[in-house]
Amino acid sequence: MSPVLASSEILARQACYRPVTRDGLPLIGRVPGIEGAYVATGHSVWGILNAPATGEAMAELITEGRARNIDLSPFDPGRAPPLDPARLRRG
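Residues numbered from 1 in each chain as written. Predicted model: local features only at pLDDT ≥ 70, side-chain atom pairs only at ≥ 80, totals over all residues. Heavy atoms only, no water.

Asker: Would you take a moment to explain the side chain of T54 for this structure?
Answerer: For T54, the location among the structural elements is in helix α1 (residues 47-64). A distance of 3.0 Å separates polar atoms of two side chains, one belonging to T54 and the other to H43. (Helix = DSSP H or I, 4+ residues; strand = E, 2+ residues; numbered from the N terminus. Polar contact = N/O pair within 3.5 Å; in protein donor to acceptor, adjacent residues only side chain to side chain.)

Asker: Explain unusual backbone geometry here, please?
Answerer: With glycine set apart, most residues show a phi of negative sign, and most peptide bonds adopt trans. Here the phi dihedral of S44 falls at roughly 55 degrees; this positive angle occurs in a residue that is not glycine. Of note, S44 is situated in the loop between β2 (38-41) and α1.

Asker: Would you mind showing me how to read the environment of P85 here?
Answerer: One can find P85 in the segment after α1. Residue P85 is classed as partly exposed on the basis of its relative accessible area of 39%. Separated by 73 residues in sequence, P85 and A12 have C-alpha atoms that sit 9.5 Å apart. (Buried < 20%, exposed > 50% of the residue type's maximum accessible area, 1.4 Å probe, protein only.)

Asker: What exactly am I supposed to notice about the nonpolar core here?
Answerer: In globular proteins that are soluble, nonpolar side chains generally tend to be buried together. Counting 7 residues, the largest nonpolar core consists of I28, A57, M58, L61, A67, L72 and F75. Beyond its immediate sequence surroundings of up to four residues, I28 is in contact with V39, A40, H43, T54, M58, L72, F75, D76 and P77. (Core = buried A, V, L, I, M, F, W, Y, C linked by side-chain atoms within 4.5 Å. Contact = heavy atoms within 4.5 Å.)

Asker: Even after reading the chapter, I still don't get α1, so can you show me in this structure?
Answerer: At 3.6 residues per turn, the α-helix brings residues three or four places apart onto the same side. Under the 1.5 Å per step criterion, the end-to-end length of α1 is 24 Å for 18 residues, consistent within 8% with the ideal 26 Å. Remark: the principal bend of α1, roughly 35 degrees, maps to A53. The set of residues buried in α1 consists of T54, A57, M58, E60 and L61. Lining the buried residues of α1 we find β1 (27-30) and β2. G65 sits one or two residues past α1 and shows a positive phi near 90 degrees. (Expected span 1.5 Å × (residues − 1). Bend = angle between axes of the 7 residues up to and from the residue.)

Asker: Help me out: how do you make sense of the pattern of salt bridges in this one?
Answerer: Pairing of side chains with opposite charge becomes possible as their charged atoms draw close. Summed over all chains, the structure comprises 3 salt bridges. Across the pair R79 and D23 runs a salt bridge, and its minimum N-O distance is 2.7 Å. Of this pair, R79 sits in the segment after α1 while D23 sits in the segment before β1, placing them 56 residues apart in sequence. By relative accessible area, which is 45% here, D23 ends up partly exposed. One network of salt bridges, with partners in common, ties together E60, E64 and R68. (Salt bridge = Lys/Arg side-chain N within 4 Å of Asp/Glu carboxyl O.)

And the structure:
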């Protein structure tokens, strides 16, 4: 998907790239422990439908420090455990 990643090790293979979290709620907000990093993922099949609201909330969060029109606390990326690459299936 990116020439920058062309020589990277493949950690997992799958037919569909719809990101889904374990608890079913998307991850929307600041990435814990990485200054200036934000994420908006995990919407599953609802990504296209929720994209406008997620985009607006992310724009507010990044430019104003908070989302004005929605409480993002249920979607806090900090609720998810850190990724352990050892637990990924090998292709």
